[in-house]
Each structure stands twice: as C-alpha cells, then as structure tokens.
Amino acid sequence: MAQGVAEKLTERVKGALAGSKVERGQDASAVLMDALVQTLRETFDEAGSVDLLANVREKNKEGLPYVILFLGINGTGKTTTVAKLASMLKKNGVTVVTAAGDTHRPGAIEQLTEHANRVSMKVVSQRYGADPAAVGRDGLLFAKAHHIDCLLIDTAGRMQTNQNLMEEMAKVVRVVNPDFKLFVADSLTGNDAVSQAELFNKHTGFDGVVLTKADADVRGGAALSIVYTTHKPVLFLGVGQEYGDLVRFDPHKFIDSLFRNEA
Ligand code: GDP
C-alpha cells in the first residue's frame, strides 16, 4: 500500500493501543492484531457504503433516469466496467443506455459500442472531437425520452496529470449533473492508483470506486489506500474479463482475507 497511508495507519494503531495493558501470559500479538483490524474496519466504515441499485430505483420513482459518470485514466478497465455494470443492472431489471464520452482516443467509440452490443445496450454517440459534455447531455435526453432507468457515461482518460482532462471532466459534471461519479482504478497500479484517485477527487470529486483486476491482485493494498486517502467507499471489484466478473465489495470480508495467512 501507499507508504504515506501505511505511516498514518500505524499512527492510528498506536493511538488505539495507547494505555492498553497486556497481562502476563496474554498474547501481545493478538492484542496488536485486534487493534489493527479495528483500525482498518473504522477506515472502511468511515467511508460509508452505497446501494447503487436502491439509488437507481429511488431516482426512477421521480420518473427520471439515474446518471452514472465513469471517471478514470485509460487502461484501468473503465469501458469494460461500463459493460459489466450495465449487465449487472439489467439482471436486476434496470434498463440502461450508455453515452460515448471519450471523443478523443481513436477507437474509443467503437470499443464501447462493441462492449455495449455484447450486453445489448444502446450507445448514444457523436463524432470524434465532439464536446463530451454535449454527448453526455444527448445521452440524458435520450434516456428521458425513452424512459430508460440508468445512463452510464463513459469518459476520456488520457494521463492523470493532464489539466485539460480535469477541466473537461469538470465541465461534463457541470453540464450533466450526474447522480453518481464512479472512479475506476486498476488495483495492480498501487501508488499510481492512489495519486489518480487524489487528483480526480480534487478536480471533479467522486462518490465511489470500482477496483478492477482484483483477480490478479493478491494483497489488495489499493483498496485500503484509496479509501483511506479519499474517504470514498469501494462499491465493486472487477474480478476478470467477462461481463459477469463484477462483484460487490465487502470490506469485512476483505479485511479477513488480508490476515487469513498471517493468523
Ligand atoms: P479503459 O481504457 O479504461 O476503458 O480499459 P478497458 O476497459 O479497455 O480495459 C483494459 C484491459 O483490462 C482490457 O484488456 C480488459 O479486458 C482488462 N480488464 C478490465 N477489467 C478487468 C478485471 O477486472 N480483471 C482483469 N483480469 N482484466 C480486466
């Protein structure tokens, strides 16, 4: 995990242990482990949790589509995750449409269309070079006109340090006013994923996180680091390349799995 986060967590564990006594014959390492697990639990609990499906249904009661804006840099698995989430929502009886907001990267619109076709989802798109905020707005108009429950907006993700990208995303947020901003991070990228999360959180804010490629990540440090740094909950884990490979993130199970081999 990110070193800064490890240091802060260590301080919190120290704080939790301050004043506690270990009796003679008591296992000191068990006391320490309890304090560590408790601190990790608090970290995830402070970030709260989100029931996306319930939120979608609540918004639909007002006769309006629920809008999810996907954020994250290229290669993290954002487009695949749009299709995975669409598939999950559809299985729960929610109708979906996607908007092709990455109008920069050559092939991005075709790639999203290909995924969308495979999960039988309609794509709203414009030409390359079009204003992503306008594409998002088109998507919203389409969803409203066709009484679609949920709009998933894909976005561009060139280089996290690109100021233009941050301005572009902030504009999409202003114009579309999404109900939920979902940040997609690649769990294999460790510290990079954390700095990307900090950057997006600063410029556009986000409401929750999907960690992709969790199937290839044995330790799960990114989840802890991102939640600790941004105080935003992880909603889902990407656990493979199939559309069914999206699972709800359970912090308590996650913490247990961290220590399964250490106990
Ligand atoms: P984007 O550039 O962020 O839109 O990334 P893509 O959706 O194109 O995904 C990049 C690559 O990561 C593709 O080869 C995906 O199949 C792969 N990928 C996405 N999510 C996962 C995941 O949860 N597990 C694994 N193993 N691969 C993933």
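Quick caveat, the model's predicted, so the values are computed rather than measured.

Within strand β6 (residues 208-212), five of the five residues are buried, which leaves it mostly tucked inside the rest of the structure. Covered by surrounding structure in β6 are G208, V210 and T212 together with V209 and L211, the residues of both alternating faces. Sheet topology places strand β5 (residues 180-186) next to β6; five bridges connect them, and they run parallel. Of the residues in β6, the one forming a bridge with L182 is G208. Between β5 and its parallel partner β6, the chain crosses via helix α8 (residues 191-203), and the hand of that crossover is right-handed. As paired elements, β6 and strand β7 (residues 234-238) share three bridges and run parallel to each other. Bridged to V209 within β7 is V234.

Let's shift gears to the site of the ligand. Around the ligand lies a shell of 17 residues, among which G75, T79, T80, Q111 and Q241 are the nearest. K84 is positioned with one of its side-chain polar atoms (N or O) 3.2 Å from an oxygen atom of the ligand. A distance of 2.7 Å separates an oxygen atom of the ligand from a polar side-chain atom of Q111. Protein coverage of the free-state accessible area of the ligand, which is 590 Å², stands at 80%. At four residues, helix α4 (residues 78-91) tops the list of elements feeding residues into the shell around the ligand. Considering only residue class, the shell around the ligand consists of two nonpolar, 11 polar and four charged.

Definitions and cut-offs
- Residues numbered from 1 in each chain as written.
- Predicted model: local features only at pLDDT ≥ 70, side-chain atom pairs only at ≥ 80, totals over all residues.
- Heavy atoms only, no water.
- Buried < 20%, exposed > 50% of the residue type's maximum accessible area, 1.4 Å probe, protein only.
- Helix = DSSP H or I, 4+ residues; strand = E, 2+ residues; numbered from the N terminus.
- Pairing = 2+ DSSP bridges.
- Right-handed = clockwise from strand over helix to strand, strands pointing away.
- Near = heavy atom within 4 Å.
- Polar contact = N/O pair within 3.5 Å; in protein donor to acceptor, adjacent residues only side chain to side chain.
- Areas by Shrake-Rupley, 256 points an atom, 1.4 Å probe, with all protein chains shown as cover.
- Nonpolar A, V, L, I, M, F, W, Y, C, P; charged D, E, K, R; others polar.

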